[in-house]
Amino acid sequence: MRHHNIANALAEMYYAVYYVDLQEHRFYILRLTEIITANMLKGLEDHTEAWTTFVNNFVHVKFRKQLSEAFALENIYTTLTQNNKNSVEIELLRRFANDKYEWVRLEAQAIKNTEGTITGCVIAFRNIHTQKLAYERQQQALKAALLSAEKANTAKSAFLSNMSHDIRTPMNAIIGMTTIAQQYLHDPVRINSCLSKIELASNHLLELINDILDMSKIESGKLSLKESPLNLAELIHNLISLINPQLKEHQHELHVETYNISDEYLLGDTVRLNQIFTNILSNSIKFTPRGGKLKLEIKQLTLAPTGYGHFRFVFSDNGIGMDQEFLPHLFTPFERSQTSNTDSIEGTGLGMAITKNIVDLMGGTIEVTSAAGSGTTFTVTLPLKLADKQPVPVSAIHSELQALVIDHDQTYASNILQQLQQLQITGQAVHSLKEANNKLAAAIKTSSDYTTAIIVYNPQLDLETMLNGLRQLSSTLKIALAITFSDLSQTIKDYSFDALLILPLFATNLAQVLNKMHQTNTTRTQHLLPSAANEPNCSGKRILLVEDNPLNMEIACELIGMTGAMIEEATDGAAALTKIAQAPENHYDLVFMDVQMPKLNGYDATKAIRKLSRKDVKSLPIVAMTANAFLDDIKKEREAGMNAHITKPFHLEELFAVISEWLQCK
């Protein structure tokens, strides 16, 4: 009875069981729950005939050949013994009622006589359709999870690679300006110029590093925009200054022109705008053969939403260009044009993808036209919010000014005349000193003297001869030299020009120079380069500086010391706590506290100071000094009892503002 029950249980596991007698070549049905199959195989005892009928009618075409050959009489022995197991398993799709195919598993086991010879085999079929589908769903889920992880990892790698690529531009400027400064240690003017450009590049580099450290952006793959005041003229001049070392290295010429710019004071994300422009210009520099010509045209369009200015930036070059087949993939991450001309050029293929994302985020558009061997043109249009306070219109600068523009190649003449017209100043352009002399002489005769001459710099010009010739005709003529960053050199400054105009010209820059030259009372616009921060006078005040890094301590002491305050040092939080505890009340006026320090960090040190049993520590200003600039870090500082936050590296303006606020220095 027990053996019978076991046999029934085993039979229930399989919906069909067949026996093949290899000696008599006969086929027997031991169990078959399907009527259709049973009817079709009924009466068929020859194995070859029965098996062929079964395979051709019930097995999916994809598995028919395999199954027919595996269980042909001449192959069964080989099939059963191929793995030294005397058995075999095969998974296949099998047709059931209503022509529905389901996954089944064929399990065949050899039958041996007492001598160990295989005399037959049992072939059993088990339905595994549910398990098979569950397994496939699991595999798909695993593949999806793997793909998601790979995409996330790729996004992180793409972001970091892009930052690494973008960091090179300001680093080139910093290294290059440092090298130049070392060659002119005797020249304070040149050193000051280099330091100003190093500061500019350093600030840009710092913004990029802050983005790298912002882990939330990496995790989400999202970029955010920061809205802050910006001056378009300053933005473009700083951009040219930043990119100039690369231009010189490749011996490229960059020509920049502006058209109809009526709004220069805007609100936008300076760092992201710089990313867009430097990515495009860097690519133009890299993919243009040495000695190439690059051009940037900036135009303010007439149609714009209320409160916005609509600007178009057109970047063009005469470089190697791109194949038409590659253009649709230009903004795809990691895509690069694969030609013999680009194989040796460094790049990750991320710059344009990042640029497109930023432009889209700003609500703008970016378009590209290119052809292999014919250069490339990028057109970027951006809506930029207008600043609440625009400067007083410069059109009333001087009603009697007349300008003569001397441009040998007529490269910038039309652009300068347009800016003069925007200021409602009459202007004319000539090619040479001879033409200029003729114009000046004719004006003198008609009592309509020119008040201003603007000479566009050209290496072929004899500046000294031109200056002397102009001054002989008119001793009151104010003469300005218009020059690009790349042409600016110390030798030019030795000439007695009344002013320098940095190209490209913007109306506010031109107005500023004309105001200065002609000494009008019109309020001057802000300088192109930031002025040095005004140091507060904190003589008599005492500051405790808590910093564990010797170099950072030296820098902080030097900068804070510019205020005249007395400085005491503590190398960690524990030392700071001891100093304050042992000092008389109101000994210290301000504490600058680093956050990450050994023994006792800045948070815990501040908490301990606030708990001291004395009145002065309750109101003692404690300012956090740290490289961490995340909102969570600032929240921790406030919870610890710190009053303010200043990030490293220090900006003098910010440092002095904090000191002035808490020490009431003037």
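Here goes a summary of the coordinates provided. This structure is a prediction, so every number in the text was calculated from the model and none was measured.

Cut-offs applied
As a convention, each chain's residues are numbered from 1 in the sequence order in which they are written. Where totals are concerned, whole chains, interfaces and linings use all residues; where local detail is concerned, this predicted model gives features only for residues with pLDDT of at least 70, and gives and counts side-chain atom pairs only at 80 or more. With hydrogens and water excluded, all non-hydrogen atoms of the structure serve as input to the side-chain values. A run of H or I in DSSP becomes a helix once it reaches four residues, and a run of E becomes a strand once it reaches two; helices and strands are each numbered from the N terminus. Contacts between residues were defined by any pair of non-hydrogen atoms, one from each residue, lying within 4.5 Å. Each accessible area value is a Shrake-Rupley result obtained with a 1.4 Å probe; residue values ignore everything except the protein chains displayed when judging cover. By convention, a stacked pair of Phe, Tyr or Trp rings (six-membered ring in the case of Trp) has centres within 6.5 Å and planes under 30 degrees apart, an edge-to-face pair has planes over 60 apart, and any other such pair is tilted. For every residue, the accessible area obtained with a 1.4 Å probe (protein chains only) is divided by the maximum for its type, and the residue is called buried under 20%, exposed over 50%, and partly exposed between those limits. By definition, two strands form a pair when at least two bridges between them are found by DSSP. In this analysis, axes come from line fits to C-alpha atoms, helices being fitted only over the stretch in contact, and the angle between any two N-to-C directions falls in the range 0 to 180 degrees. Pairs of N or O atoms are called polar contacts if they sit within 3.5 Å, as long as, within protein, a hydrogen donor faces a hydrogen acceptor (for residues adjacent in sequence, only side-chain-to-side-chain pairs). To sort the angles, those under 35 degrees are grouped as roughly parallel, those over 145 as roughly antiparallel, those from 65 to 115 as roughly perpendicular, and the leftovers as oblique. Helix crossings get a hand from a simple test, with the near helix turned counterclockwise from the far one by less than a right angle marking a left-handed crossing and a clockwise turn marking a right-handed one. Residue classes follow a fixed rule: Ala, Val, Leu, Ile, Met, Phe, Trp, Tyr, Cys and Pro count as nonpolar, while Asp, Glu, Lys and Arg count as charged, and any other residue, Gly among them, counts as polar. Defined by distance alone, a disulfide is two cysteine sulfur atoms within 2.5 Å. The term salt bridge refers to a pairing of a side-chain nitrogen on Lys or Arg with a carboxyl oxygen on Asp or Glu at a separation within 4 Å. To form a nonpolar core, buried Ala, Val, Leu, Ile, Met, Phe, Trp, Tyr and Cys residues must be joined to one another through side-chain atoms within 4.5 Å.

1. Let's talk about the overall build of the chain
Part 1 of the reasoning: In terms of helices and strands, the chain carries 22 helices and 22 strands.
Part 2 of the reasoning: Across the chain, contacts joining residues at least 24 apart in sequence account for 65% of those joining residues at least 6 apart.
Part 3 of the reasoning: Accessible surface computed for the chain: about 34500 Å², of which carbon and sulfur atoms make up 51%.

2. Some details on the packing of aromatic side chains
Part 1 of the reasoning: Enumeration over the complete set of coordinates arrives at 13 aromatic pairs.
Part 2 of the reasoning: Look at Tyr15 and Phe96: their rings are 5.5 Å apart centre to centre, the planes differ by 65°, and that puts the pair in the edge-to-face class. Separated by 81 residues along the polypeptide, Tyr15 in the loop between α1 (2-12) and β1 (16-21) and Phe96 in the loop between β3 (87-95) and β4 (101-112) bring together distant segments of the chain.
Part 3 of the reasoning: The exposure class of Phe96 is buried, given its relative accessible area of 15%.
Part 4 of the reasoning: Aromatic side chains Trp51 and Phe71 sit 5.3 Å apart centroid to centroid with 50° between the ring planes, which places their arrangement in the tilted category. Taken together, the residues span a long stretch of sequence, with Trp51 in helix α3 (residues 47-58) and Phe71 in the loop between α4 (61-70) and α5 (76-81) at a distance of 20 residues. Phe71 shares its class with Trp51; the two are buried.

3. A closer look at the sheet that holds strand β13 (residues 402-406)
Part 1 of the reasoning: An order of β14-β13-β15-β16-β17 is seen for the five strands of this open sheet, with the pairing classed as parallel. Each having just a single partner strand, β14 (426-430) and β17 (499-502) make up the two edges of the open sheet. Across the sheet, the axes of successive neighbouring strands diverge by a mean angle of 25°, strand direction being ignored.
Part 2 of the reasoning: In this structure, β13 lies alongside β14, joined through five bridges in parallel fashion. Bridging across to β14, Leu404 finds its partner in Gln428.
Part 3 of the reasoning: Packing against the sheet, helix α14 (residues 463-473) makes contact with β13, β15 (452-456) and β16 (478-483), and its axis sits at approximately 150° to β16.

4. Points about unusual backbone geometry
Part 1 of the reasoning: In this chain, Leu503 is followed by Pro504 through a cis amide linkage whose omega measures 5°.
Part 2 of the reasoning: Here Pro504 is to be found in the loop between β17 and α16 (507-518).
Part 3 of the reasoning: In this structure, Gln424 takes a positive phi of about 60° despite not being glycine.
Part 4 of the reasoning: Turning to its location among the elements, Gln424 is positioned in the loop between α12 (413-422) and β14.

5. Overview of the side chain of Ser370
Part 1 of the reasoning: For Ser370, the position within the fold is in strand β11 (residues 365-370).
Part 2 of the reasoning: Taking the relative accessible area as the measure of exposure, Ser370 reaches 9% and is therefore buried.
Part 3 of the reasoning: A polar side-chain atom of Ser370 sits 2.9 Å from a polar atom in the side chain of Thr376.
Part 4 of the reasoning: Ser370 has contacts with Gly321, Met322, Gln324, Leu327, Gly375 and Thr376, leaving out every residue within four places of it along the chain.

6. Here's the deal with the packing of helix α9 (residues 232-250) against helix α10 (residues 270-286)
Part 1 of the reasoning: Where α9 meets α10, the closest approach of the two axes is 10 Å, and the angle between their N-to-C directions is 25°. Viewed along their axes, α9 and α10 adopt a mutual orientation that is roughly parallel. Seen along the crossing, α9 lies across α10 with a hand that is right-handed. Note on element contacts: α10 touches α9 through Thr270, Leu273, Asn274, Phe277, Thr278, Leu281, Ser282 and Ile285, opposite Leu235, Leu239, Leu242, Ile243, Gln246, Leu247 and His250.
Part 2 of the reasoning: Here the contact of α9 with α10 is composed, by residue class, of nine nonpolar, six polar and no charged.

7. Remarks on the state of the cysteines
Disulfides are covalent bonds that link the sulfur atoms of two cysteine residues.
Part 1 of the reasoning: One pass over the structure, following the stated rule, counts one disulfide.
Part 2 of the reasoning: Covalently, Cys538 is tied to Cys665 through a disulfide, its sulfur atoms 2.1 Å apart. Linking Cys538 and Cys665, the disulfide has an S-S dihedral of approximately 130° and is accordingly described as right-handed. Pair noted here: Cys538 is in the loop between α16 and β18 (542-546) and Cys665 is in the segment after α22 (652-663), with a separation of 127 residues, a long-range link.

8. Some points on the pattern of salt bridges
Part 1 of the reasoning: For the structure on display, the rule yields 15 salt bridges.
Part 2 of the reasoning: Note that Arg105 and Glu107 form a salt bridge whose closest N and O atoms lie 4.0 Å from each other.
Part 3 of the reasoning: Look at the salt bridges and you will find they share partners, linking Glu89, Glu91, Arg105, Glu107, Arg126 and Lys132 into a network.

9. Focus on the packing of α12 against α16
Part 1 of the reasoning: Put simply, α12 and α16 touch, their axes get as near as 10 Å, and they point 75° apart. Overall, the two elements α12 and α16 adopt an arrangement that is roughly perpendicular. Residues Gln419, Leu420 and Gln422 of α12 lie in contact with α16, whose contacting residues are Ala507, Leu510 and Leu514.
Part 2 of the reasoning: Tallied by class, the residues present in the contact of α12 with α16 amount to four nonpolar, two polar and no charged.

10. Notes on the nonpolar core
Part 1 of the reasoning: Within the largest apolar cluster, 62 residues are counted, with the highest numbers of intra-cluster contacts made by Leu232, Ile298, Phe313, Phe315, Ile455 and Leu470.
Part 2 of the reasoning: Here this core gets eight residues from one element, more than from any other, and that element is α9.
Part 3 of the reasoning: Setting aside anything within four residues of it in sequence, one finds Leu232 in contact with Ile261, Glu264, Leu266, Ile298, Phe311, Phe313 and Phe506.
Part 4 of the reasoning: Of all hydrophobic cores here, the second largest spans 36 residues; its members include Tyr18, Leu41, Trp51 and Ala70.

11. Re the sheet that holds strand β21 (residues 622-626)
Part 1 of the reasoning: An order of β19-β18-β20-β21-β22 is seen for the five strands of this open sheet, with the pairing classed as parallel. Strands at the two margins of the open sheet, each flanked by one partner only, are β19 (566-570) and β22 (644-647). Strand after strand, the sheet turns through a mean of 20° between neighbouring axes, direction not considered.
Part 2 of the reasoning: Of the pairings in the sheet, the one linking β18 to β19 comprises five bridges and is parallel in character. From the neighbouring strand, Leu544 faces β19, where its bridge partner is Glu568.
Part 3 of the reasoning: Docked against the sheet, α22 engages β18, β20 (590-594), β21 and β22, running at close to 140° with respect to β20.

12. Digging into the environment of Lys295
Part 1 of the reasoning: Mapped onto the elements of the fold, Lys295 is located in strand β9 (residues 293-301).
Part 2 of the reasoning: Residue Lys295 is classed as partly exposed on the basis of its relative accessible area, which comes to 28%.
Part 3 of the reasoning: For the pair Lys295 and Glu253, spaced 42 residues apart in sequence, the C-alpha separation works out to 8.2 Å.
Part 4 of the reasoning: Sequence-distant contacts of Lys295, defined by excluding residues within four places in its chain, comprise Leu254, His255, Glu257, Val314, Phe315 and Ser316.

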